[in-house]
Amino acid sequence: MTDTIAAPKAYVTRVEPDADNDFIASVEALSVQRATIGCIIPAYNEGESIAQVLESLLAQSRVPDMIHVVVNNTTDDTVAIASAYAGPHRVVNAAREQFTEVFVHDIGKNPDKKVGALNYGFELVEGCDYLLGVDGDTVADADAVQRLEEEIVSDTRIGGISAIYTIDDTRMSGMAGFLVAGQRAQFAAFNMQNMLRGRNMAVLGGQFSIFSMKALHQAMIDNHQSTPWVKDSEVEDSLLSLQIKSAGYLTKISARARADVGGMTTLRGLDAQQVKWNFGAIELMWPGQRGDTKGQPLHPNLRLRWLENLSMLINGVTRLLFVLLLVGSLSIHAFVFEPIWLIAPAVAILLNLRIALSMHRRDAKDILFAALFVPSEIYMWIRLGHFVRAWSKFLSRKQVDNWAAQAKAERGSGSAFIAPAVIAVLVMAVLVLGWFLLPVIIQSSILWVGWPILGVITAVQTVGMLFKLLRRQRGYRV
């Protein structure tokens with residue numbers, strides 16, 4: 001008797017224990033030589049999504065040769081749900097018959113968290129040609145593994161390839177829908193930027209990426225590491241990508257492989273995730289951090305990070321200046337509306353719309369998020385809060401566990417996410433109070449100097465947006 005898992009254009013059959021000998025014999029009888037892919041799924045409290053992730057992998061047109069679910073520090077039923085899929089599987093689709101086996105490992109309390117789970121899984125797939133890393137909440141398109149394999153096998157210079165990421169928003173509404181729409185736009189802009197840079201990917205995200213085992217071993221040798229991932233980095237995937245690039249390999253984003261990742265549906269969760277990412281990126285950019293990393297601020301994989309941070313700084317300065325100058329002008333009845341100021345938001349709307357239209361599976365929510373301007377502007381203010389929090393943490397030199405902070409936030413605990421808003425209100429209040437204490441002549445002088453400065457910065461920003469708007473996208477879909 002067998003259990004059957006429904007899958008598009010394929011059927012997946014669980015092979016019972018008493019058929020193990022037949023299973024092994026059938027694998028050994030295969031005459032076609034092909035690369036082997038070992039899949040690792042680090043799982044922490046993924047009870048809600050792990051079944052869907054495993055079914056997605058078993059429904060692939062090219063299934064991984066082995067799938068290891070490495071459960072760590074979990075407090076839910078992840079192990080029980082994943083164990084229902086454990087064992088050999090026979091996958092039949094229109095193209096071929098394939099075999100794979102699912103293993104579930106509960107490694108219990110693991111101080112190294114996701115990094116520890118990844119390194120544990122790495123040891124299990126040592127004999128494979130490629131390692132496929134999949135997050136416990138990522139569901140890929142049915143041809144994603146096949147696309148990644150075709151691309152990485154085609155060029156021995158490639159050390160790793162990341163899928164094109166987005167977030168499924170079909171069941172999102174309200175605040176969750178707004179936040180996911182912002183994250184979808186953020187992913188789309190980031191993916192398109194990497195596509196247009198020769199498909200060079202600065203970060204091989206752990207959500208759904210394939211790695212050459214040769215490249216991983218070379219990165220380990222070059223950096224005197226016993227494992228590919230190190231525990232003392234907030235962004236283990238960014239650091240590994242940098243090391244693979246330094247080892248002489250290419251890090252790419254796929255042209256066709258796609259995957260839906262888990263999105264953050266609360267302000268608290270989004271803040272913790274983004275602050276962790278930004279904090280880790282800053283540590284990689286800044287020389288001499290974490291003791292064992294020399295810091296490579298001019299490394300090709302980090303130049304884009306510097307540009308992102310510079311862009312966020314300029315966005316924050318222009319918005320703060322505009323609010324202060326507007327309030328100051330209105331307070332002394334000196335504000336005069338000039339239509340030329342509408343050019344920048346108009347170009348921003350067009351650029352946001354172009355990004356939305358470039359999405360492979362765009363919907364009405366993506367178009368409205370871009371076209372209405374206000375949602376994207378609010379989301380930018382939220383991102384500025386993450387930017388300020390990350391740099392504040394870094395400059396404070398205080399050692400914090402951002403992984404633990406994110407886990408806490410996802411459980412609904414913590415209030416650090418409101419700190420930027422509180423600080424912004426207090427700063428604005430102090431500046432406004434100080435403004436009203438100034439003589440009118442000084443107020444006028446500040447406005448006379450401030451508006452032209454803001455105008456120049458805004459003009460430069462607008463030119464940059466126009467360049468992105470007019471740049472050819474070469475048919476890429478993100």
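Residues numbered from 1 in each chain as written. Predicted model: local features only at pLDDT ≥ 70, side-chain atom pairs only at ≥ 80, totals over all residues. Heavy atoms only, no water.

Caption draft 1: A look at the confidence of the model for the protein. On average, residues of the protein score 88 in pLDDT, and 88% of them are at 70 or above. A low-confidence stretch, residues 1-10 stays under pLDDT 50, and its non-local contacts, those more than four residues away or across chains, total 21 contacts. (pLDDT = per-residue confidence, 0-100. Contact = heavy atoms within 4.5 Å.)

Caption draft 2: How the structure looks around the packing of aromatic side chains. Inspection of every chain in the model, using the stated rule, returns nine aromatic pairs. Measuring from ring centre to ring centre gives 6.1 Å for Phe-178 and Phe-369, while their planes differ by 45°; the resulting arrangement is tilted. With Phe-178 in helix H6 (residues 174-195) and Phe-369 in helix H12 (residues 364-371), this pair connects stretches of sequence that are 191 residues apart. Phe-369 matches Phe-178 in its accessibility class, with the two residues each being buried. Note on Phe-322 and Trp-451: the rings are 6.3 Å apart at their centroids and 80° apart in plane angle, and the pair reads as edge-to-face. (Phe/Tyr/Trp six-rings, centres within 6.5 Å; stacked < 30°, edge-to-face > 60°. Helix = DSSP H or I, 4+ residues; strand = E, 2+ residues; numbered from the N terminus. Buried < 20%, exposed > 50% of the residue type's maximum accessible area, 1.4 Å probe, protein only.)

Caption draft 3: Expanded view of the pairing of strand E6 (residues 97-106). With five bridges connecting them, strand E4 (residues 66-71) and E6 associate as parallel partners. Residue pairing for E6: Ile-67 is matched across the bridge by Val-102. Pairing of strand E5 (residues 87-93) with E6 involves six bridges; the strand directions are antiparallel. Considered in E6, the bridge of Arg-90 is made with Phe-99. (Pairing = 2+ DSSP bridges.)

Caption draft 4: A nonpolar patch on the surface, seen in detail. Together, Leu-307, Leu-310, Leu-313 and Val-317 give the surface a local cluster of nonpolar side chains, amounting to about 350 Å² of exposed area. With respect to the helices, strands and loops of the structure, Leu-310 is situated in helix H10 (residues 300-331). (Patch = residues over 30% accessible without salt bridge, like charges linked within 9 Å, V, L, I, M, F, W, Y side chains within 5 Å. Areas by Shrake-Rupley, 256 points an atom, 1.4 Å probe, with all protein chains shown as cover. Salt bridge = Lys/Arg side-chain N within 4 Å of Asp/Glu carboxyl O.)

Caption draft 5: How the structure looks around the environment of Asp-155. Tracing the backbone through its elements, the reader meets Asp-155 in the loop between helix H5 (144-153) and strand E9 (158-166). Sequence separation between Asp-155 and Leu-250 is 95 residues; the distance between their C-alpha atoms is 9.5 Å.

Caption draft 6: Highlighting the environment of Gln-52. Residue placement: Gln-52 occurs in helix H2 (residues 50-58). For the pair Gln-52 and Asp-137, spaced 85 residues apart in sequence, the C-alpha separation works out to 8.2 Å.

Caption draft 7: Representation of unusual backbone geometry in the model. Positive phi, normally seen in glycine, also occurs at Lys-113, with a value near 55°. One can find Lys-113 in helix H4 (residues 113-124). With a relative accessible area of 27%, Lys-113 lands in the partly exposed category. Not every positive phi belongs to a glycine, and His-224 is a case in point at roughly 55°. You can see His-224 is positioned in the loop between helix H7 (213-222) and helix H8 (236-246).

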